Amino acid sequence: MEQEQLICVEGVTKTFRLSRKQQKSENTLKKEIVAVNNLSFTANRGEIFGLLGPNGAGKTTTLRMLATLIAPDSGDAFIDGLSVVNTPEKVRAKIGFLTSELKLEDFFTPNYIYDFFSNLYGIDKEVAMARKKALFERFGIQKFAEVKIANLSTGMKQKSSLVVSLVHDPDIIIFDEPTNGLDVLTARTVTDYLQELRDAGKTIILSTHIFSLVEKLCDRVGIIINGQMTNCGTLAEICDGKSLEDRFFEIYKEKIGGQE
Amino acid sequence: MKNNTWNIIKKECSRFFGDRTMVITTIIMPGLLIYLIYSMMGDFFMKQKENAAPTKVYVENLSDSLKPLLSTLPFEMITENLNGENLKSDLSKKEQDYIYMVFPDDFDSLVSISPSERTELAPNVQIYYNSTSDKSKEAYNVLSEVLGQWEDSNYNLFDINKIEKEGQVYDLASTEDVVRGLFSELIPFLLLMMIFSGCMSIVPTSIAGEKERGTLATLLVTPLKRSELALGKVLSVTFFTVLSGLSAFLGMMLSLPKLIHADEMGVDAAIYTTNDYVALLVIILCTVIILTSAASIISAKANSIKAASSLMLPFMLVILFIGLTPMMLETSDSSIALFLIPVYNSVQSMTQILGHEINIIPIILTVVSNFLYSVLCIWILTKMFNSERVMFSK
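Residues numbered from 1 in each chain as written. Chains lettered and ligands numbered in written order. Predicted model: local features only at pLDDT ≥ 70, side-chain atom pairs only at ≥ 80, totals over all residues. Heavy atoms only, no water.

Topic: helix α10 (residues 226–259) of chain B
Residue and element names in this part refer to chain B. In a regular helix each residue adds 1.5 Å, so 34 residues correspond to 50 Å; α10 covers 47 Å between its end C-alpha atoms and thus fits that length. Taking the largest bend as the criterion, α10 deviates by roughly 30°, centred on Met 253, and proline Pro 257 comes between one and four positions later. Of all 34 residues making up α10, 25 are buried, and the element is well covered by its neighbours. (Helix = DSSP H or I, 4+ residues; strand = E, 2+ residues; numbered from the N terminus. Expected span 1.5 Å × (residues − 1). Bend = angle between axes of the 7 residues up to and from the residue. Buried < 20%, exposed > 50% of the residue type's maximum accessible area, 1.4 Å probe, protein only.)

Here is the structure:
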């Protein structure tokens, strides 16, 4: 049976200009840096697709382009058939995006913030209430629902952010390093929930540099090194009988060695 | 999703009014502080005036013919045991605030000679004073004026405004007009400063602050339109700044009469009609919206509250200069086209309203042009919210 492609990335490229300060810190004379170079991949409905790569490989930039926070210089990506270049607002209504860079206002409580974002997405009040109850119970937010975000622990904040990114029950979920900075308990809650979402037919793209997370969660994986997709496929296809970690370092040596 | 501007305004209001410190510092404090400071300054000046010791005037060879006139002045005349050199030497020191006056030995006989019959120079009265001391300088001015008038009266060809019949008034400006004139020069500047101070404390927190905290990006990843975000932000900060401006205005109108002792002149802030206040409110509103929308652009450009505050400093200097124009320029010189210059038009309109010269066309031009400039600023802000270089630059 042919799988439905919900995310289709077609040759996206993103270049950033380097300031003099950045040139100095990077020890380069280059005025531009190619963060993502002609990257293509697809993700199917009901699967978790992992973007694996070292820091600075271009994973976050790719996800930011999918979330329409930044636009590609060339190429395009389609989310459920909608172009991120031409219809960014419609794309944003379809996705849930979570990254540690997006923060919730410290001044408000999870309860207030949830209602505010529900209103922004135009969710019907009754639906929003029912969804809030379910999500708050699932993540144990009820007990701190009226505590200001400023007074919450990192784990509680991350749970609140996760819940807020799902207020509109999106079919496509994009998570940048979902377990970064979390304690083991919260990290486990998040990974378990991602599996639940996949089982519920959601499409999830996550970026990570943690091999065990990819092995545990991802149905397919794309390896990004220096902004380029070097390998893409199921874990079995990529690993070729080896552990993901061993295979990744082989690929990394081939790629970096080839460039050197 | 149609009411997202309203959602943003509601959120901003919850943030602002939920923060007691913010409300106290930006809304309650400006009016209260202005009222207390101006009232205290008024009382202080009054008490200082009442309690001030009379200025000492050391007079050598006091003329008999001038003695009765000089004794009516509010000075303490000292005519004996004078050491001229010591008095002059001490007077050169900054803290001295007296006058040392020397009449020629035979002053009375010299002034009795008609100028046409005089063979020598006219007698010279020497008045030594220190211009760095207010009391000494003021006494010098009074004595020069009095002696000048006495000299004129001795060779009286004609007088100016000397006849003082009951009810005879030469300055035909009413006391109210005088107070209005004073208010029209002072209030636009003070009000503009107060509004801008409110703007400085509110706008950077609302936009640059959200950028700094990473909460603006969370909004940008929702389907919220950038134009809705820009409009919601500008309208809410405008509302808070208006409250801050009104508080300052109220404090000012209640305390300025005390500061200038208008009660002694028989007038108070009630010299203005409801129409004046309504016109003033309209001008304040359109001034606030142009200032906050322009400040929002600066704030959106900055990556932190600190950077936004620094970027606003040059803007503040321009506003400060514009606020001073009523004291430097004659309103009547203002061409109608000048009412198209943002902020300057507001200051001139306020000056006109407070001076009781309400002209409807300049006021309409001010309101319409400021509204259009604000729309332009909101459009620019929308573009900035769309620009990844502005929103995500490090």
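Let's pick the thread back up.
Let's talk about the environment of Gln96(B)
All names here are of chain B. Along the chain, the position of Gln 96 falls in the loop between α4 (84–91) and β3 (99–102). Considered as a pair, Gln 96 and Thr 132 are 36 residues apart in the sequence and their alpha carbons are 9.1 Å apart. Sequence-distant contacts of Gln 96, that is, excluding residues within four places in its chain, are made with Asp 90, Leu 91, Asn 130 and Ser 133. (Contact = heavy atoms within 4.5 Å.)

Observations concerning the state of the cysteines
Residue and element names in this part refer to chain B. Counted according to the given criterion, the structure contains zero disulfides over all chains. Free of any disulfide, Cys 286 has its nearest neighbouring cysteine sulfur in Cys 377, separated by 13 Å. A residue is classified by how much of its surface remains accessible, and Cys 286, at 7% relative accessible area, is buried. A disulfide-free cysteine, Cys 377 has its sulfur positioned 11 Å from the sulfur of Cys 199, the nearest such atom. You can call Cys 377 buried: its relative accessible area is 11%. (Disulfide = S-S within 2.5 Å.)

Observations concerning the confidence of the model for chain B
Residues and elements named next belong to chain B. Per-residue confidence for chain B gives a mean pLDDT of 84; residues scoring 70 or more make up 89%. Taking the mean pLDDT of every element in chain B, the minimum, 61, falls on helix α11 (residues 262–265) and the maximum, 93, on helix α1 (residues 4–17). On the interface metric, ipTM, the complex scores 0.88, and its pTM is 0.78. (pLDDT = per-residue confidence, 0-100.)

Let's talk about the interface of chain A and chain B
Every contact between the two is made by 27 residues of chain A and, on the other side, 27 residues of chain B. Considering only the surface of chain A that becomes buried against chain B, Glu105(A), Phe107(A) and Leu120(A) emerge as the three largest contributors, covering 25% of it. For the interface between chain A and chain B, the tally reads four salt bridges. Measuring nitrogen to oxygen at the nearest pair gives 2.5 Å for the salt bridge that ties Glu388(B) to Lys14(A). Counting every contact that joins chain A to chain B gives 11 residue pairs in polar contact (both at pLDDT 80 or more). Counting residues per element, the ones that place at least two in the side of chain A that touches chain B are β1 (5–17), α3 (88–94) and α4 (110–120) of chain A. Considering each element in turn, the side of chain A that touches chain B owes the most residues, five residues, to α4(A). Within the side of chain A that touches chain B, the residues separate by chemical class into 16 nonpolar, three polar and eight charged. (Buried area = accessible area lost by both parts, 1.4 Å probe. Salt bridge = Lys/Arg side-chain N within 4 Å of Asp/Glu carboxyl O. Polar contact = N/O pair within 3.5 Å; in protein donor to acceptor, adjacent residues only side chain to side chain. Nonpolar A, V, L, I, M, F, W, Y, C, P; charged D, E, K, R; others polar.)

Thoughts on the pattern of salt bridges
If the charged atoms of two oppositely charged side chains come close together, the side chains can form a pair. In total, this model carries 26 salt bridges over all chains according to the counting rule given. Here Arg198(A) ties to Asp199(A) by a salt bridge, and the two come within 3.7 Å at their closest N and O atoms. For Arg198(A), a relative accessible area of 16% translates into the label buried. Taken together, the shared-partner salt bridges in this structure form one network comprising Glu105(A), Lys11(B), Glu12(B), Arg15(B), Asp19(B), Glu210(B), Arg213(B) and Lys233(B).

Quick word on the domain arrangement of chain A
Residue and element names in this part refer to chain A. Taken domain by domain, chain A consists of domain 1 (5–102 + 165–259) and domain 2 (104–164). Measuring from the centre of the C-alpha atoms in domain 1 to the corresponding centre in domain 2 gives 26 Å. Tallying the contact residues gives 21 residues for domain 1 and 18 residues for domain 2. Buried surface at the junction of domain 1 and domain 2, both sides included, amounts to about 1600 Å², of which 64% is carbon and sulfur. Contact with domain 2 buries area across many residues of domain 1, yet Leu 98, Val 167 and Tyr 193 alone supply 35% of it, more than any other trio. Where domain 1 touches domain 2, the interface holds one salt bridge. With a shortest N-O distance of 2.5 Å, Arg 138 and Glu 196 are connected by a salt bridge. (Domains from an automatic or database assignment.)

Here's the deal with the nonpolar core
Counting residues in each nonpolar core, the largest one holds 105 residues, and the members touching the most others are Leu66(A), Phe97(A), Phe117(A), Leu194(A), Ile205(A), Leu206(A) and Leu219(B). Discounting chain neighbours no more than four positions away, the residues touching Leu206(A) are Ile48(A), Phe49(A), Gly50(A), Leu51(A), Phe175(A), Pro178(A), Leu194(A), Leu213(A), Leu217(A) and Cys218(A). Grouped together as the second largest cluster of nonpolar side chains are 51 residues, Ile27(B), Val203(B), Tyr272(B) and Leu291(B) included. (Core = buried A, V, L, I, M, F, W, Y, C linked by side-chain atoms within 4.5 Å.)

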